[in-house]
Amino acid sequence: MDEVLVSRIEEALRKLSPYLSVDGGGVELVRFHAGTVHLRLTGNCIGCPGADITLKYGIESALRQEVPEIQRIALEE
């Protein structure tokens with residue numbers, strides 16, 4: 001079951017990639033465990049003052065829409 005969810009999460013992140021790369025940023029899946037998606041921001045998203053807003057209202061919203069089984073999204077350093 002987790003393999004299917006991971007595949008769906010990765011596909012959702014691929015769909016977001018063009019929007020994040022416009023500003024030189026990105027996001028990658030670190031792992032999915034016990035309903036929690038662990039993500040890492042990359043590129044210009046690292047240390048960006050708007051990263052929290054991007055995560056909460058962009059990435060998190062899109063992931064939850066594509067994969068409603070997600071219980072929590074955590075940001076890794």
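Counting starts from 1 at the beginning of each chain's written sequence and moves along it residue by residue. Residue-level local features of this predicted model are given only where pLDDT is at least 70; pairs of side-chain atoms are given and counted only at 80 or more, and the full residue set underlies all totals for whole chains, interfaces and linings. Only hydrogens and water are set aside; all other atoms, that is, all heavy atoms of the structure, feed into the side-chain values.

Enquirer: Account for the pattern of salt bridges, naming residues and giving values.
Expert: Salt bridges are identified by distance alone: a Lys or Arg side-chain nitrogen within 4 Å of an Asp or Glu carboxyl oxygen. This model, assessed by the stated rule, comprises 7 salt bridges. Note that arginine 8 is salt-bridged to glutamate 69, the shortest N-O span being 3.1 Å. Here glutamate 69 lies in the loop between helix H2 (51-66) and strand S3 (72-76) and arginine 8 lies in helix H1 (residues 2-21), a separation of 61 residues in the sequence. When salt bridges with common partners are traced through the structure, they connect Lys56, Glu60 and Arg64 into a single cluster. Here a helix means four or more residues in a row that DSSP labels H or I, a strand means two or more in a row labelled E, and each is numbered from the N terminus.

Enquirer: Go over the pairing of strand S1 (residues 25-33), please, and point to the residues and values.
Expert: Should DSSP find at least two bridges between two strands, the strands are regarded as paired. In terms of strand pairing, S1 meets strand S2 (residues 36-43) through 8 bridges, oriented antiparallel. Each bridged residue has a counterpart across the sheet, and for glycine 26 the counterpart in S2 is threonine 42. Linking S1 to S2, which pair antiparallel, is a turn of 2 residues; within it alanine 34 sits at a positive phi near 50 degrees.

Enquirer: Can you lay out the nonpolar core for me, pointing to particular residues and giving the numbers?
Expert: Residues belong to a common nonpolar core when they are buried Ala, Val, Leu, Ile, Met, Phe, Trp, Tyr or Cys residues joined through side-chain atoms within 4.5 Å. We call a residue buried when its accessible area falls under 20% of the maximum for its residue type, exposed when it is over 50%, and partly exposed in between, using a 1.4 Å probe and counting protein chains only. Core analysis: the biggest nonpolar cluster contains 20 residues, and Ile9, Leu13, Val37, Leu39, Ile59 and Leu63 have the highest contact counts within it. Where this core is concerned, the elements lending two or more residues are H1, S1, S2 and H2.

Enquirer: Explain the side chain of threonine 36 residue by residue, including any values.
Expert: Tracing the sequence through the fold places threonine 36 in strand S2. Sequence-distant contacts of threonine 36, defined by excluding residues within four places in its chain, comprise Arg31, Arg72 and Ala74. Residues count as neighbours in contact if any of their non-hydrogen atoms are within 4.5 Å of one another.

Enquirer: Tell me about the environment of alanine 12, and name the residues and values.
Expert: Looking at the element boundaries, alanine 12 is found in helix H1. Here the alpha-carbon distance between alanine 12 and valine 67, two residues 55 residues apart in the chain, equals 8.1 Å. Beyond its immediate stretch of four places on either side in the chain, alanine 12 contacts Leu63 and Glu66.

Enquirer: Run through the state of the cysteines, naming residues and quoting values.
Expert: To count as a disulfide, a pair of cysteine sulfur atoms needs to be within 2.5 Å. Inspection of the entire model under this criterion finds 0 disulfides. Not part of a disulfide, cysteine 45 finds its nearest cysteine sulfur in cysteine 48, a span of 6.4 Å. Here cysteine 45 falls in the buried class, since its relative accessible area comes to 12%. The exposure class of cysteine 48 is partly exposed, given its relative accessible area of 35%.

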